[in-house]
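# Structure assessment
The lines below spell out each chain.
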Amino acid sequence: MLLLSDAPIHDLLPVLTAPDGAAPRCEGWSIVPKITLCVVDGPGKAGLVIPALAAPVINVADGTTKPGDMDDWCADAERAGGAVVLSLDELPEALDWAHLLGSGSARGGFITSLG
């Protein structure tokens, strides 16, 4: 999952409501996850380039974040054929996945990889 905060594409992504945890596809959007940068491309002129090499990666098992595991995330996204992109107005202190996926306060969904 790519978690964005205060991203310029926030209002362009669809409102995400996935109370069952299954993120809907973002039609018309694509993602290119690479170790040095990640490109999220939307319809028209919508898009975002994210420097990825030192981005924090959340370890879901223990909740820690640390730079350096981006290569694993990119490999996972490649195997899955894309990634879930979740955009928030601001990052919360604690990540409550049930609230984020079910409250309608987040935007995004599953974005298919190019290639």
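Everything numeric in this text was worked out from a predicted model, so none of it was measured.

## Let's talk about unusual backbone geometry
Unlike most non-glycine residues, aspartate 6 shows phi in positive territory, near 55°. Relative to the elements of secondary structure, aspartate 6 occurs in the loop between strand 1 (2–5) and strand 2 (15–16). Since its relative accessible area comes to 63%, aspartate 6 is described here as exposed.

## So, helix 1 (residues 70–80)
Regarding helix 1, the residues found buried are Met70, Trp73, Cys74 and Ala77. All buried residues of helix 1 project into a common sector of 100° when viewed along the axis, lining one side.

## Topic: the layout of surface pockets
Roughly 150 Å³ of internal volume is contained in the second largest pocket. Residue lining of the second largest pocket: 10 residues in total, with Pro33, Lys34, Glu78, Ser113 and Leu114 positioned closest to the centre. Secondary structure elements with two or more residues in the lining of the second largest pocket: strand 3 (25–33) and helix 1. Among the elements that take part in the lining of the second largest pocket, strand 3 stands out by supplying 3 residues, more than any other.

## Things to note about a negative patch on the surface
Residues Asp6, Asp11, Asp89 and Glu90 make up a contiguous surface patch of negative charge. Inspection of the secondary structure puts aspartate 11 in the loop between strand 1 and strand 2.

## What to know about the confidence of the model for the protein chain
Residues of the protein chain with pLDDT of at least 70 account for 83%, and the chain-wide mean is 83. At the low end of the mean pLDDT range in the protein chain sits strand 7 (residues 65–67), at 52; at the high end sits strand 3, at 94.

## Observations concerning the pattern of salt bridges
Following the criterion strictly, the structure yields 1 salt bridge and no others. Here aspartate 76 and arginine 79 are joined by a salt bridge, their closest N and O atoms 2.3 Å apart. One end of the pair is aspartate 76 and the other is arginine 79, both in helix 1 and 3 residues apart, which spans about a single turn.

Analysis parameters
The numbers attached to residues start from 1 for each chain and follow its sequence in the written order. Totals for whole chains, interfaces and linings use every residue, but because this is a predicted model, local features are given only for residues with pLDDT of at least 70 and side-chain atom pairs only at 80 or more, for both listing and counting. Calculated side-chain values reflect all of the structure's heavy atoms, with hydrogen atoms and water omitted. To qualify as a helix, a DSSP run of H or I must reach at least 4 residues; to qualify as a strand, a run of E must reach at least 2; elements of each kind are numbered from the N terminus. To sort residues, take the accessible area from a 1.4 Å probe on protein chains only and compare it with the maximum for the residue type: under 20% means buried, over 50% means exposed, and anything in between is partly exposed. The arc refers to the directions leading from the helix axis to the C-beta atoms. The rule is simple: put a 1 Å grid over the protein atoms alone, call a set of points where a 1.4 Å probe fits but cannot get out a cavity, call an open set with protein on both sides within 12 Å along at least five of seven lines a pocket, and count a residue as lining if it has an atom within 4 Å of a point. Grid points are joined across faces, edges and corners, and a volume is the space filled by probe spheres set on the points. Residues with no salt bridge and a relative accessible area higher than 30% make up the patches, which join like charges within 9 Å and nonpolar side chains (Val, Leu, Ile, Met, Phe, Trp, Tyr) within 5 Å. Where accessible areas are quoted, they stem from the Shrake-Rupley method and a 1.4 Å probe; at the residue level, only the protein chains shown are allowed to cover. Put simply, a salt bridge is a Lys or Arg side-chain nitrogen that is within 4 Å of an Asp or Glu carboxyl oxygen. Lys and Arg are tallied as positive, Asp and Glu as negative. Neither His nor the chain termini are counted. Note that the charge is assigned to NZ on lysines, CZ on arginines, CG on aspartates and CD on glutamates. As a per-residue measure, pLDDT tells how confident the predictor is, with possible values from 0 to 100.

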